[in-house]
Amino acid sequence: MPLTDEIILKARENENIKAFNDSTCFSVKPRWSVYYDSIHVELIFTGESAFNELMNILNNNDFLRTVTIWVSDGKNIKTTKHKKRLFWHGSERISKLRAKELLEKAAPITNNGNKYE
């Protein structure tokens, strides 16, 4: 079977899901958006390891351009990459250091009152 664009993009989507399913700090929900270059995940464990794990996933997936992390404060933490990696908290652009601080201190989403499910 020849490789088509559709097969390649689906393989990338599956690779994104696998990277975050193997994670101890993030979780992919079944109905959440996953594309070949972006994914929505929830934070399930905080601390410096969350930021380190995120950076490891990003560094190992060159085609992954956007990751949106849902946290309990209602604002998401987002990273985008075009020419360089940018970080966002809600609609405010933040530094890499500030993103690290937010992931260390953010409250994980719990099953009770989770408005994102």
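The sections below set out a description of the structure shown in this document. Residue numbering note: each chain is counted from 1, following its sequence as written. Predicted model: local features are reported for residues with pLDDT of at least 70 only, side-chain atom pairs are reported and counted for 80 or more only, and whole-chain, interface and lining totals are derived from all residues. Neither water nor hydrogens contribute to the side-chain values; these are computed over all heavy atoms in the structure.

Here we look at the packing of aromatic side chains
The condition is simple: Pairing of aromatic rings covers Phe, Tyr and Trp, the last counted by its six-membered ring, and requires centre-to-centre distances within 6.5 Å; plane angles under 30 degrees mean stacked, over 60 mean edge-to-face, and any other angle means tilted. Under the DSSP-based scheme used, a helix requires at least four consecutive residues in state H or I and a strand at least two consecutive residues in state E, with every element numbered from the N terminus.
Taken as a whole and assessed by the stated rule, the structure comprises two aromatic pairs. With centroids separated by 6.3 Å and ring planes inclined at 40°, the aromatic side chains of F51 and F87 adopt a geometry described as tilted. A residue pair is termed long-range when its members are at least 10 positions apart, and F51 in helix α2 (residues 48-60) and F87 in strand β5 (residues 85-89) qualify at 36 residues.

Some thoughts on the side chain of N61
Selection rule: For the purposes of these results, a polar contact is taken to be a pair of N or O atoms within 3.5 Å, where, inside protein, one atom must be able to donate a hydrogen and its partner to accept one; residues adjacent in sequence count only when each atom of the pair is a side-chain atom. Two residues qualify as a contact provided that any one of their heavy atoms is within 4.5 Å of a heavy atom in the partner residue.
Relative to the helices and strands, N61 resides in the loop between α2 and β3 (66-70). A polar contact of 2.9 Å, which involves the side chain of N61, links it to the backbone oxygen of I57. If we skip the residues at most four places from it in the chain, N61 touches E15 and A19.

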